[in-house]
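# An overview of the molecular structure
Chain residues, written in single-letter form:
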Amino acid sequence: MYQSSNVYFICSFAAIGGGLFGFDISSMSGVLGTAAYKRYFGNPVSYRQGGITCSMPFGSLIGALASSYLADIYSRKTSIQIASVFWVVGSIIQCLSVNIGMLVVGRVVAGICVGIASSICPVYQAEIAPKEIRGRVVSLQQWAITWGILIQYFIQYGASWVGGGPENPNQPTSAFRIPWGVQIVPAVILFFGMFFLPRSPRWLASKDRWEEAIRVMASLHGGGDVNHPKVLAEYQEIEEALRFERDEAINSYRQLVAPRMFKRVLLGMSIQMWSQLCGMNVMMYYVVYIMEGANIASPLLTASIQYILNVALTLPAIIYLDRFGRRPAMLIGSFLMMSYLFVVGALQASYGVPNVGDLKDSTNTDISWIIHDNKPVSKAIVAMTYLFVCTFATTWGPTSWTYPSEIFPTKIRAKAVSLATASNWFWNCILAFAVPPLLWNINWKMYMIFATFNGAAFIHMFLTAPETKGKTLEEMDEVFDSGIPAWRGVPKGSRLDQLQKDIEAGNIKIVHPIGGVKEKDGVVEHHEEKAVSDAGET
């Protein structure tokens, strides 16, 4: 069967899994304001709406925790296809929902897909890509998320005008069933398209399928030449790393709490935690409520501008993340998001009033605090919201997926990333449930809480997150075990580049195991078929 060899195409296509995450995020925001949804499901607000919304991230938490088993046993590629099946089934249940219970079940099943895909797609991309563009192609995950949010939101926005518009009290249920049905399409495309993508060479190598691994690496990085210096250098790096992992027995969950690995696991989980506690997904899930509180223009239309900005501003991060670096992106992002949220909270506190009496009407019954008759303040709040989204899109959005997917050894990468992603979904679930009552009960103080979280994230990342750009996945042990404080940085350059130069100069001979791999006394012996040069020996 034909297998694609273009790294950008492979990673872009796999990022459709991230697109499903985006469909999930906006699968509720576009229907919350429709009369059909409110009438059919009994106008759920506060804890009831929080329960409906958080059912998806709850399923995603389950999927994330199960993803490492699927990815290690059946491969990264197959686990993404399994996730697609869950999405299709969950979407069908949602589309056919007749009550809140059925809707919740459908969202949990679809959430399992999102948990698996959000864990394994970045791992697959990181293991496919060369170090020079790894940040760029893993960032495609975040871009796909933003596209999923935007596409689903506009499908919902269009469907909301079915049967006389979102404010028609007799609006038909097709206003929310159409978007929940259409979201099946990308999962079907992902399932069948994955058949034409290669398996991860690092996963193949971890299963001692060296011949397949080398042929995949040759196809991806050597123009099909198994003796290309870059292919041989990469093979040598992977082989040495796997040998070390075997010697150290790095292949079980016990290794996740080993002293040298535990700090990385905590860092990966913390990055995903802060990506939620920064407040971005609150903006995505409940942006309609926020715009209603600002009392400006059409909440649905104003929110759509935010989604467009999210897509557009992720593109610079994709282009420049491998030049700019992961660490500066996280630090600058946290500081700016903290500033914007403090401003929004202060404006809401100073100019907002309780939404009671004559202020309350049929269009704003789901909020308890509102900016009344003060357009400059309303515009300032919307502007700060937009700046917040732009900042997240260019900093924490792509970095929060790239960083955890690249800092772990091959044997435990899927396990560790599944825990990091589970952290994302754990906090996502809590926030999806807690934000509606928070908005209802403490109003502007909620913005102050999330601003404080961003301040804490800034301090945490400054002290614990070293720069990883330009390093191979196999060099991460050196980055984290060097003893150099995170704020000082590790030496620039990569061991792989020097190894490739030595091979090209004929100073080192690397023998690849095309033709068979034999294991003896726990050591993998490679039977020589071809050598690059006779000028030297390893």
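Residues numbered from 1 in each chain as written. Predicted model: local features only at pLDDT ≥ 70, side-chain atom pairs only at ≥ 80, totals over all residues. Heavy atoms only, no water.

Per an unreviewed UniProt entry, the recorded name for the protein chain is High-affinity glucose transporter, and the organism is Amylocarpus encephaloides. UniProt lists a comment for the protein chain under the heading Subcellular location (unreviewed entry), and it reads "Membrane". Check the Sequence similarities (unreviewed entry) section of the UniProt entry for the protein chain; it says "Belongs to the major facilitator superfamily. Sugar transporter (TC 2.A.1.1) family." (UniProt positions renumbered as here; feature names shortened; annotations may be inferred.)

### Here we look at the overall build of the protein chain
Each helix and strand in the protein chain was counted, giving 23 helices and four strands. What you see for the protein chain is a C-alpha radius of gyration of 24 Å, in line with the 24 Å of a compact globule of 538 residues. The C-alpha extent of the protein chain, read off along each of the three principal axes, is 90 × 45 × 35 Å. As displayed, the protein chain has an accessible area near 19700 Å², and 64% of this comes from carbon and sulfur atoms. Averaging the coordinates of the 42 positive side-chain charges in the protein chain and doing the same for the 39 negative ones gives two points 6 Å apart. (Helix = DSSP H or I, 4+ residues; strand = E, 2+ residues; numbered from the N terminus. Rg over C-alpha atoms; globule rule 2.2 N^0.38 Å. Areas by Shrake-Rupley, 256 points an atom, 1.4 Å probe, with all protein chains shown as cover. Lys, Arg positive; Asp, Glu negative; His and termini not counted. Charge placed at Lys NZ, Arg CZ, Asp CG, Glu CD.)

### Topic: the confidence of the model for the protein chain
Residue-level pLDDT values for the protein chain average 86, and 91% of them are 70 or greater. Residue range residues 515–538 is modelled with pLDDT below 50. Its contacts to residues more than four positions away, or to other chains, number 50 contacts. (pLDDT = per-residue confidence, 0-100. Contact = heavy atoms within 4.5 Å.)

### Some remarks on the packing of helix α6 (residues 100–128) against helix α7 (residues 134–159)
The angle between the axes and the distance between the axes are what describe a pair of packed helices. Where α6 meets α7, the axes come as close as 9 Å, and the angle between the chain directions of the two elements is 155°. For the element pair α6 / α7, the angle class is roughly antiparallel. Here α6 runs over α7; the crossing is right-handed. Counted together, Ala117, Ser118, Cys121, Pro122, Gln125 and Ala126 of α6 and Arg134, Val137, Val138, Leu140 and Gln141 of α7 form the full contact between these two elements. (Axes fitted to C-alpha atoms, helices over the stretch in contact; angles between N-to-C directions. Parallel < 35°, antiparallel > 145°, perpendicular 65-115°, else oblique. Left-handed = near helix turned anticlockwise from the far one by under 90°.)

### A word on the environment of Pro466
One can find Pro466 in the loop between α21 (445–464) and α22 (476–481). Of the residues examined, Pro466 reaches a relative accessible area of 7% and is grouped as buried. A sequence separation of 42 residues divides Pro466 from Asn424, and the C-alpha atoms of the two residues are 21 Å apart. Residue contacts for Pro466: discarding those within four places in its chain leaves Leu267, Tyr403, Val479, Phe480 and Ala486. (Buried < 20%, exposed > 50% of the residue type's maximum accessible area, 1.4 Å probe, protein only.)

### A short note on the packing of aromatic side chains
Overall, the coordinates contain 22 aromatic pairs when judged by the stated rule. Look at Phe426 and Trp427: their rings are 5.3 Å apart centre to centre, the planes differ by 85°, and that puts the pair in the edge-to-face class. An aromatic cluster is built from Tyr37, Tyr40, Phe41, Phe176 and Trp180, whose rings are joined through pairwise contacts. (Phe/Tyr/Trp six-rings, centres within 6.5 Å; stacked < 30°, edge-to-face > 60°.)

### Structural notes on the nonpolar core
Counting 74 residues, the largest nonpolar core has Val7, Trp87, Tyr124 and Val137 as its most contacted members. Residue contributions to this core peak at 11 residues, all from α6. Aside from chain neighbours lying at most four places away, what touches Val137 is Val7, Tyr8, Cys11, Gln125 and Ala129. Among the nonpolar cores identified, the runner-up in size contains 49 residues, and Leu256, Trp274, Met446 and Ala465 belong to it. (Core = buried A, V, L, I, M, F, W, Y, C linked by side-chain atoms within 4.5 Å.)

### Concerning helix α8 (residues 174–182)
Regarding α8, the residues found buried are Ala175, Phe176, Arg177, Pro179, Trp180 and Gly181. Residues of α8 that are buried in the fold lie against α2 (16–29), α3 (35–40), α5 (76–95), α6, α7 and α9 (184–193).

### Description of the pattern of salt bridges
Evaluation of the coordinates by the stated rule reveals 21 salt bridges. Of the charged contacts, one joins Glu132 and Lys131 as a salt bridge, the two residues approaching to 2.9 Å between their closest N and O atoms. Taking the relative accessible area as the measure of exposure, Glu132 reaches 38% and is therefore partly exposed. For Lys131, a relative accessible area of 9% translates into the label buried. The partner of Arg326 in a salt bridge is Asp322, with the nearest N and O atoms 3.0 Å apart. Accessibility expressed as a relative area gives 0% for Arg326, which makes it buried. (Salt bridge = Lys/Arg side-chain N within 4 Å of Asp/Glu carboxyl O.)

### Brief notes about the environment of Arg177
Relative to the assigned elements, Arg177 resides in helix α8. Relative accessible area serves as the criterion here: at 18%, Arg177 is assigned to the buried category. Arg177 sits 201 residues away from Ser378 along the chain, and the two C-alpha atoms are 33 Å apart. Engagement of the side chain of Arg177 in a polar contact is seen with the backbone oxygen of Ser97, the distance being 2.8 Å. (Polar contact = N/O pair within 3.5 Å; in protein donor to acceptor, adjacent residues only side chain to side chain.)

### Some thoughts on the side chain of Ser400
Along the chain, Ser400 falls in helix α19 (residues 396–406). Given a relative accessible area of 2%, Ser400 falls into the buried group. A distance of 3.1 Å separates the side chain of Ser400 from the backbone oxygen of Gly397, its partner in a polar contact. Sequence-distant contacts of Ser400, that is, excluding residues within four places in its chain, are made with Ile271, Gln272 and Ser275.

### Considerations on a nonpolar patch on the surface
On the surface, Met1, Tyr2, Val188, Phe192, Phe195 and Phe196 cluster together to form a nonpolar patch covering roughly 660 Å² of accessible area. Inspection of the secondary structure puts Phe196 in the loop between α9 and α10 (201–206). (Patch = residues over 30% accessible without salt bridge, like charges linked within 9 Å, V, L, I, M, F, W, Y side chains within 5 Å.)

### What about unusual backbone geometry?
For Asn43, which is not glycine, the phi torsion reads 50° and is therefore positive. By secondary structure assignment, the location of Asn43 is in the loop between α3 and α4 (46–74).

### Observations regarding the side chain of Lys411
By secondary structure assignment, the location of Lys411 is in helix α20 (residues 410–441). According to the relative accessible area criterion, Lys411 is buried, its value standing at 17%.

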